[in-house]
Amino acid sequence: QELVGMGVDVFDPVTKSEQFIAQMMDDFSSFVLYDGREKCLKILEDDLCNGGNSVGELQGGSEAFSIYRVSFPPNDFNEEASGTKKCKNAAISLVREFNEYNQQIRRKSASNNLTLETIKQYMLAMCD
């Protein structure tokens with residue numbers, strides 16, 4: 001309602017695939033903003049402070065809240081995202097933390113893991 005009032009077009013998911021992705025994105029955003037806020041903030045700040053080059057702080061935040069841009073790695077990244085080796089890309093680290101949280105706390109199966117490929121497909125579909 002609030003977005004529509006601001007002139008933003010909102011499209012509800014129609015297919016089961018769209019509904020699944022929409023729910024996963026909602027769960028992921030809730031994790032980043034609330035449930036895993038401290039861990040996620042540490043991932044972002046570590047990248048910023050250690051020259052990881054996958055995070056940038058954007059203008060428009062406040063003293064209390066910052067707005068970040070997170071870049072995906074340019075190559076095929078699902079192998080890195082699903083692996084256990086330490087990864088320097090913040091996007092992969094955030095997805096790993098979210099999936100671990102989903103499996104341990106929310107008792108979701110690994111088959112329901114969010115992948116960077118799923119996010120990429122979701123973002124590309126929005127361009128259609």
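Residues numbered from 1 in each chain as written. Predicted model: local features only at pLDDT ≥ 70, side-chain atom pairs only at ≥ 80, totals over all residues. Heavy atoms only, no water.

1. Re the confidence of the model for the chain
In plain terms, the rule: Think of pLDDT as the predictor's per-residue confidence, scored from 0 to 100. Numbering of helices and strands runs from the N terminus, with a helix taken as a DSSP run of H or I at least four residues long and a strand as a DSSP run of E at least two residues long.
Confidence along the chain averages 85 in pLDDT terms, with 90% of residues attaining 70 or more. Element-level mean pLDDT values for the chain span from 50 in helix α4 (residues 78-82) up to 95 in helix α3 (residues 37-49).

2. Observations regarding a nonpolar patch on the surface
Quick reminder of the rule: Patch members must show over 30% relative accessible area and no salt bridge, and they are joined within 9 Å when carrying like charges or within 5 Å when they are nonpolar side chains of Val, Leu, Ile, Met, Phe, Trp or Tyr. The method behind every accessible area is Shrake-Rupley, applied with a 1.4 Å probe, and residues are considered shielded solely by the protein chains displayed. The working definition used for a salt bridge is a side-chain nitrogen of Lys or Arg within 4 Å of a carboxyl oxygen of Asp or Glu.
A surface patch of nonpolar side chains, about 450 Å² in accessible area, is lined by Leu3, Val4, Met6, Val8 and Val10. Mapped onto the elements of the fold, valine 4 is located in helix α1 (residues 2-5).

3. So, unusual backbone geometry
With phi around 65°, asparagine 53 is a residue other than glycine that occupies positive phi space. Inspection of the secondary structure puts asparagine 53 in the loop between α3 and β1 (55-58).

4. Side note on the nonpolar core
Burial of nonpolar side chains together is a common tendency in soluble globular proteins. Heads up, the condition is: Throughout this description, the term nonpolar core refers to a set of buried Ala, Val, Leu, Ile, Met, Phe, Trp, Tyr and Cys residues connected via side-chain atoms within 4.5 Å. The cut-offs for exposure are 20% and 50% of the maximum accessible area for each residue type, with area from a 1.4 Å probe on protein chains only; residues under the lower value are buried, those over the upper are exposed, and the others partly exposed. Contact between two residues is taken to exist if any of their heavy atoms lie within 4.5 Å; hydrogens are not considered.
Of all hydrophobic cores here, the largest spans 17 residues; its most connected members are Phe28, Leu94, Phe98 and Leu114. For this core, the elements supplying multiple residues, two or more each, are α2 (16-35), α3, α5 (90-104) and α6 (116-125). At six residues, the largest contribution of residues to this core is made by α5. For leucine 114, the contacting residues outside a window of four places in its chain are Met24, Phe28, Val95, Phe98, Asn99 and Ile119.

5. Let's talk about the layout of surface pockets
Cut-off, in case you're wondering: Using a grid of 1 Å spacing that covers the protein atoms alone, one calls a set of points a cavity when a 1.4 Å probe fits there but cannot get out, and a pocket when the set is open and has protein on both sides within 12 Å along at least five of seven lines; lining residues are those with an atom within 4 Å of a point. Grid points are joined across faces, edges and corners, and a volume is the space filled by probe spheres set on the points. The residue classification treats Ala, Val, Leu, Ile, Met, Phe, Trp, Tyr, Cys and Pro as nonpolar and Asp, Glu, Lys and Arg as charged. All others, Gly included, are polar.
In this structure, the largest pocket spans a volume of roughly 770 Å³. Val32, Leu33, Leu44, Tyr68 and Val70 are, among the 25 residues lining the largest pocket, the residues nearest its centre. For the lining of the largest pocket, the element with the most residues is α2, which contributes six residues. Here the lining of the largest pocket is composed, by residue class, of 21 nonpolar, two polar and two charged.

6. Observations regarding α6
The condition that has to hold: Throughout, the arc means the angular range of directions from the helix axis out to the C-beta atoms.
Among all positions of α6, only Leu116, Thr118 and Ile119 are buried. End-on, the buried residues of α6 take up no more than an arc of 155°, which puts them together on one face.

7. Examining the side chain of serine 93
If you trace the backbone, serine 93 turns up in helix α5. Residue class for serine 93 comes out buried when judged on its relative accessible area of 17%. Those residues in contact with serine 93 that lie beyond four places of it in its chain are Ile43 and Cys87.

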